[in-house]
Amino acid sequence: MNRRPLQLRSLIVACFIVIVSGCTSTPDGPRLDLIYDKATKYHAPDRNPIIVIPGVLGSRLVDEESGRVVWGAFDRFSVNPKRADDARLLSLPISGEANFTELRDTVRPDGVLDMVNIRLLGIPVDIRAYVGILATLGVGGYRDESLGLNGLDYGDDHFTCFQFDYDWRRDNVENAARLDAFIQEKRAYIQAEYKKRYGLENAEVKFDIVAHSMGGLITRYYMRYGATPLPANGSLPPLTWEGAENLERVILVGTPNAGAGEAFEQLMRGYDPGRPVLPHYPAPILGTFPSVYELLPRTRHGLIQFEDGTPVDIFNGEIWTENNWGLAADTEEVTDFLRIALPEAPDDTSRRRHAEAFQTAALKQAQTFQAALDIPSAPPKGTNIYLVAGDSEETPFTIEVSRETGAVRFKDFTQGDGRVPRSSALMDERVGSTWKPELVSPVTWSSVTFLPSSHIGLTSDPVFTNNVLYMLLEDPR
């Protein structure tokens with residue numbers, strides 16, 4: 001019997017598991033169970049309930065009709081963007097003639113992604129995603145002592161930590177309205193618990209939020225505008241800080257407050273998860289996600305520029321058409337995708353017209369969304385915004401565009417978490433402007449903490465873990 005294929009398979013599996021473990025392991029830290037043993041079991045009304053909000057790709061997506069996992073599990077039954085029916089399932093409906101909220105499909109969020117389940121050569125392998133932060137805060141009773149979290153125990157009656165899942169493909173303003181409904185639902189649930197446990201009638205309930213990456217943008221919009229949508233005429237809603245009235249402490253982790261060049265690059269070239277068994281997600285599919293356009297860098301910061309240094313008006317749909325970008329690209333990949341996405345259109349010309357109109361509308365919406373976040377304003381008294389960001393990894397920064405061909409390339413890099421530049425997390429308005437010795441930002445930060453961690457590694461960094469627990473559980477209000 002030839003054992004070589006079996007030995008080779010075992011070697012591949014072993015090597016892959018070592019790679020995965022090395023990328024996601026949690027360094028040793030202090031004995032959190034000894035430090036926070038009493039604090040984690042204290043659930044009285046003077047302790048705010050906590051909501052964890054993941055970033056883009058951080059929520060599992062499931063098709064209601066078929067029950068298939070659209071994002072979050074990967075095996076031979078998983079959604080494969082190379083197959084026509086699966087590409088249609090993963091992408092959002094597109095049209096230049098309807099509001100984003102009116103373009104619906106059957107895919108729904110189904111929990112924060114604590115594990116990505118992969119089958120390599122028939123053998124299941126888990127890649128940890130938000131498991132660290134969920135375990136740290138005891139969300140939903142989640143436990144995983146193998147993380148080095150030292151056996152934190154929130155007790156059997158733990159009921160005040162929640163995970164907010166959302167369809168990260170959709171517009172962030174729409175998801176902010178969904179967050180508002182989520183908070184109202186959980187408030188009613190907690191008030192009922194307080195009445196049952198403590199005899200309190202209609203207790204006042206405020207929430208703390210820990211939001212990672214794009215989840216921080218949803219949170220910031222919600223704080224400022226509550227469930228108010230952006231006006232259809234492109235104007236800005238009144239800045240009322242309506243959502244902030246429900247919040248006390250907001251911790252943003254690795255949030256691209258000023259956008260990230262990677263979003264632009266992926267709208268050109270697609271998304272590669274960087275794992276040997278995960279598929280490539282083509283650019284046209286990403287181009288149907290309004291949220292991705294909302295991650296683009298600000299034009300005024302000049303990070304996407306022509307060879308002569310002139311900033312590109314990145315939210316101008318005509319420029320995307322002129323440069324053959326995104327859904328406006330005259331390529332076989334885009335043409336084939338549009339035939340899948342718009343099968344009822346009479347011809348390729350009509351499909352391209354729909355796609356260009358959708359892309360232009362998505363860019364306009366993104367620009368208005370960013371403008372709503374960029375108005376300088378401090379939150380109301382009693383609401384604090386904290387930032388945790390990485391600043392020790394080489395991170396894509398400036399993108400150069402060829403005037404002749406429209407080709408794009410990363411021109412230089414800066415410090416950040418590998419995905420989000422330090423300046424973006426800070427929402428540093430000195431970028432592209434005159435440098436000043438003190439930070440200039442429309443966000444009023446209560447404190448800022450920098451860690452030498454990667455974008456997803458921030459959520460399980462032992463320094464973050466220890467400090468976020470202190471901030472939420474013990475720091476005087």
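Structural data are supplied above this passage.
Residues numbered from 1 in each chain as written. Predicted model: local features only at pLDDT ≥ 70, side-chain atom pairs only at ≥ 80, totals over all residues. Heavy atoms only, no water.

A. View of the overall build of the protein chain. For the protein chain, the helix and strand inventory stands at 14 helices and 15 strands. Within the protein chain, the proportion of its 477 residues that are buried is 56%. Taking contacts inside the protein chain between residues at least 6 apart in sequence as the whole, the part at least 24 apart equals 70%. On the protein chain, roughly 20,800 Å² of surface is accessible, and the fraction owed to carbon and sulfur atoms is 51%. (Helix = DSSP H or I, 4+ residues; strand = E, 2+ residues; numbered from the N terminus. Buried < 20%, exposed > 50% of the residue type's maximum accessible area, 1.4 Å probe, protein only. Contact = heavy atoms within 4.5 Å. Areas by Shrake-Rupley, 256 points an atom, 1.4 Å probe, with all protein chains shown as cover.)

B. Just the side chain of histidine 455, in detail. If you trace the backbone, histidine 455 turns up in the loop between strand E15 (447-451) and helix H14 (462-473). In terms of polar contacts, histidine 455 uses its side chain to reach the side chain of serine 213, at 2.9 Å. In contact with histidine 455, other than residues within four places in its own chain, are His212, Ser213, Gly254, Asp417, Arg419 and Val420. (Polar contact = N/O pair within 3.5 Å; in protein donor to acceptor, adjacent residues only side chain to side chain.)

C. How the structure looks around the packing of helix H6 (residues 214-225) against helix H12 (residues 348-374). Contact geometry for H6 and H12: axes closest at 10 Å, N-to-C directions at 65°. For the pair H6 and H12, the sense of crossing is left-handed. For the pair H6 and H12, the contacting residues are Leu217, Arg220, Tyr221, Arg224 and Tyr225 in the first and Phe369, Ala372, Leu373 and Asp374 in the second. A class-by-class count of the residues in the contact of H6 with H12 yields six nonpolar, no polar and three charged. (Axes fitted to C-alpha atoms, helices over the stretch in contact; angles between N-to-C directions. Left-handed = near helix turned anticlockwise from the far one by under 90°. Nonpolar A, V, L, I, M, F, W, Y, C, P; charged D, E, K, R; others polar.)

D. Focus on the pattern of salt bridges. If you walk through the whole model with that rule in mind, you get 32 salt bridges. In this structure, aspartate 86 and arginine 68 form a salt bridge, with 2.9 Å as the shortest nitrogen-oxygen distance. Here aspartate 86 is found in helix H3 (residues 84-90), whereas its partner arginine 68 is found in the loop between strand E2 (59-63) and strand E3 (69-71), with 18 residues between them in sequence. With a closest N to O distance of 2.8 Å, arginine 430 and aspartate 428 form a salt bridge. Pair check on accessibility: arginine 430 and aspartate 428 agree, each one buried. Through salt bridges with shared partners, one network takes in Glu64, Asp105, Arg108, Asp167 and Arg169. (Salt bridge = Lys/Arg side-chain N within 4 Å of Asp/Glu carboxyl O.)

E. Structural detail: the nonpolar core. Ranked by internal contacts, the top residues of the largest apolar core, which has 99 residues, are Phe264, Leu296, Trp320 and Trp325. Sorting elements by how many residues they give to this core places H12 first, with eight residues. The contact partners of tryptophan 325, leaving out residues within four places of it in the chain, are Phe264, Met268, Val312, Ile314, Ile319, Trp320, Gln359, Val401, Gly406 and Val408. (Core = buried A, V, L, I, M, F, W, Y, C linked by side-chain atoms within 4.5 Å.)

F. Local environment of the environment of phenylalanine 264. As for its position among the elements, phenylalanine 264 is in helix H7 (residues 261-269). Residues phenylalanine 264 and proline 297, 33 residues apart in the sequence, show an inter-C-alpha distance of 8.1 Å.

G. Representation of the packing of aromatic side chains. For the structure on display, the rule yields 16 aromatic pairs. An angle of 80° between the planes, with centres 6.0 Å apart, marks the rings of tryptophan 168 and phenylalanine 289 as edge-to-face. Residue tryptophan 168 is located in the loop between strand E8 (161-163) and helix H5 (172-198), and its partner phenylalanine 289 is located in the loop between helix H8 (283-286) and helix H9 (290-293); the two are separated by 121 residues in the primary sequence. Each member of the pair tryptophan 168 and phenylalanine 289 is classed as buried. With a centroid separation of 5.6 Å and an interplanar angle of 90°, the aromatic rings of tryptophan 320 and tryptophan 325 are classed as edge-to-face. A connected cluster of aromatic rings, assembled from ring pairs, spans Trp71, Phe74, Trp168, Tyr271, Tyr281 and Phe289. In this structure, arginine 403 is placed above the aromatic ring of phenylalanine 306, and the distance from its NZ or CZ to the ring centre is 3.9 Å. A cation over an aromatic ring shows up here: arginine 422 above the ring of phenylalanine 450, its NZ or CZ 4.1 Å from the ring centre. (Phe/Tyr/Trp six-rings, centres within 6.5 Å; stacked < 30°, edge-to-face > 60°. Lys NZ or Arg CZ within 6 Å of the ring centre and 35° of its normal.)

H. Seen up close, the side chain of aspartate 374. Inspection of the secondary structure puts aspartate 374 in helix H12. For aspartate 374, a relative accessible area of 10% gives the class buried. A polar side-chain atom of aspartate 374 sits 2.8 Å from a polar atom in the side chain of arginine 300. Discounting chain neighbours no more than four positions away, the residues touching aspartate 374 are Arg224, Arg298, Arg300, Met427 and Pro442.

I. A look at H12. Between the first and last C-alpha of H12 there are 39 Å, a value that for 27 residues agrees with the 39 Å anticipated at 1.5 Å per step. Capping of H12 at its N-terminal end is provided by aspartate 347; its side-chain oxygen lies 3.2 Å from the backbone amide nitrogen of threonine 349. (Expected span 1.5 Å × (residues − 1).)

J. Structural detail: helix H11 (residues 332-341). Those residues of H11 that sit buried are Val334, Thr335, Phe337, Leu338 and Ile340. Contacts from the buried residues of H11 go to H3, H8 and H12.

K. Region of interest: the sheet that holds strand E11 (residues 304-306). Here we have three strands laid out as an open sheet, ordered E11-E13-E14, and mixed in their pairing. Every other strand in the sheet has two partners, leaving E11 and strand E14 (408-416) as the edge strands with one partner each. For this sheet, the mean angle separating the axes of adjacent strands, direction not counted, is 35°. Judged from the three bridges that link them, E11 and strand E13 (residues 393-401) form a sheet pairing that is parallel. (Pairing = 2+ DSSP bridges.)

L. Inspection of the pairing of E2 at higher detail. The element E2 is largely enclosed, with a buried count of five among its five residues. Of the two faces of E2, both are covered, the one formed by Ser59, Leu61 and Asp63 as well as the one formed by Arg60 and Val62. Looking at chain direction, E2 and E3 are connected through two bridges and run antiparallel. Bridged to valine 62 within E3 is valine 69.

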